[in-house]
Amino acid sequence: MLAGLVGIVRPGPVDGWLDALAGEPDRTTPAPAPATPEPTPTPVLVAAETDGAAPDAAAVRTALDPLVNAAALGPTVHIQVLDVASDTILYERNAERPTTPASTTKVLTAATVLAARGAAYRLETRVVAGSTPGEVVIIGGGDATLAVEEDDRDLFPGAARLDDLAEQVKAALGDVEPTRVVVDVSLFEGPETAPGWEAWDVSPGGQVARIQSLMTNAGRIEPVHNEFGGDPRYTDPALSAGKLFARMIGSSQTSVKKGTAPAGGSPSADPAGTWTPGAELGKVQSPPLVQVVDWMLQQSDNVLAEVLGRQVALADGKEASFAGAAEAMRDRLRDLGLPGDQATLYDASGLSSRNGITPTLLVKTLALAAGGSEPALGNIFNGLPVAGWSGTLETRFATPSGNATAQGVVRAKTGTLSGVNTLAGVLVTRDRRVLAFAIMAKGGADATKARAAIDEVAARLVACGC
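All of these numbers come straight from a predicted model, not from anything done at the bench. The numbers attached to residues start from 1 for each chain and follow its sequence in the written order. A pLDDT threshold of at least 70 governs which residues receive local features in this predicted model, and a stricter bar of 80 or more applies before side-chain atom pairs are shown or counted, although totals over entire chains, interfaces and linings include all residues. The basis for the side-chain values is all heavy atoms of the structure; hydrogens and waters are excluded.

Trainee: Just to check I follow, could you spell out the pairing of strand β12 (residues 434–442) for this structure?
Mentor: For a regular strand, side chains alternate in direction, first toward one face of the sheet and then toward the other. Only protein chains enter the accessibility calculation, which uses a 1.4 Å probe. A residue is then buried if its area is under 20% of the maximum for its type, exposed if over 50%, and partly exposed in between. Only DSSP runs of H or I with at least four residues qualify as helices, and only runs of E with at least two residues qualify as strands; both kinds are numbered from the N terminus onward. Burial of β12 is extensive: 8 of the 9 residues sit out of reach of the surface. Where strand β1 (residues 76–83) meets β12, 8 bridges bridge the pair, whose relative direction is antiparallel. Bridge assignment links D83 to a residue of β12, and that residue is L435. In this sheet, β12 lies alongside strand β11 (residues 420–428) in antiparallel orientation, the contact comprising 9 bridges. Residue pairing across strands places T422 opposite M440, the latter belonging to β12. We treat two strands as partners when DSSP finds at least two bridges between them. Joining the antiparallel neighbours β11 and β12 is a turn of 5 residues, in which R432 adopts a positive phi near 70°.

Trainee: Sorry if this is basic, but what is going on with unusual backbone geometry here?
Mentor: For residues other than glycine, phi is negative in most cases, and the peptide bonds are mostly trans. Residue P400 follows T399 across a cis peptide bond; omega there is -10°. If you trace the backbone, P400 turns up in the loop between α12 (380–383) and β10 (411–417). At A218, a residue that is not glycine, the phi angle is positive and equals roughly 55°. Tracing the sequence through the fold places A218 in the loop between β5 (180–184) and α7 (237–249). Relative accessible area serves as the criterion here: at 0%, A218 is assigned to the buried category. One non-glycine residue with positive phi stands out, namely F397, at about 60°. Turning to its location among the elements, F397 is positioned in the loop between α12 and β10.

Structural measurements only, silent on function.
What follows is the structure in structure tokens.
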């Protein structure tokens, strides 16, 4: 285990983390503008290439017990802390009991989709000739990052664009006038919202969109991401994308309808000018899957999580639905040697209040990613937010002041629902040990105080070395 750990630190999944903290450009994920000053790189991270002193479980217990008992965390806390190099559990409480994970569910989504599809996989949005001349069919391939036009690329930099696809189609049509746009969303099946989602989570709340295989900007009406308050989404993202596309190619938006692409056809339009139903008129591809996973983790984007969960299902020959994704994710976890039975999933984003995951499963998944035996999983660390620096941790670990010692050192996925606050990730202690942890609290009355109390647990692990 130690050899694998050392191997991933430099070079490996933590390499981009170290580079960013040292002031070098991150080669994988564009660094967001911080709302708080960027933390000074810590010598602890630089020293993580070598083996530090192993923590003492009794000392960890003494350090954490008062913090885990904090009233701000509520009556029930589920937690596990693992020394990755030795595979030793340093601290745990209710670790084998499932609890509501909120968005820490996305750790499992990231791991399973990277294992199922690989980091380089790309999602395609295609357009083919319809059944009659002038009818075109846009086929959703599950790329929720698809932008509308160039100005949208600030939301998902490098995303495929609907206007590029429209230009390809216009060129392929030549003198044929576009008469109708058909939207094919048959790739995904089943309900478009998950059990446990509240009506206001979709629109106007904007925490998520209806999950369809065609949409732009993850269903958002405007290409913006708000950490709190949500982003308004289209009530029917696929139909809205179809209308935008129709306008771009000069077809009537009122004639846009849902349907399926005709079977058969040549790989591309017939050079002789004959209309061939099913012939490809254009296509665009998403950035590599690893980039989509990064965005999903950094922004905690629920829509991206759901379409990625369906990719696990598709890769494993299962129905691309909420139920199919949940089944495929659990199966994939078991295939990786992880306790997949410790997850009850109703969605892949963690927005459902019905989900249940154990700290043990989250910690084991993170430890496997850090261990080097499953290289694809190491890409998780490129996307996990860094304390006080990026993503959903950008403004965290600021108060109380002692928590600031963990800025730049903790890399973790946050999770928040009503009465639920969670954090799962990795950190490096002052003695240069990499620890994986999951802290899951339920019942805290004040979310701000609960998050600060969770941060204090992680910061104490960083500072004490134990």
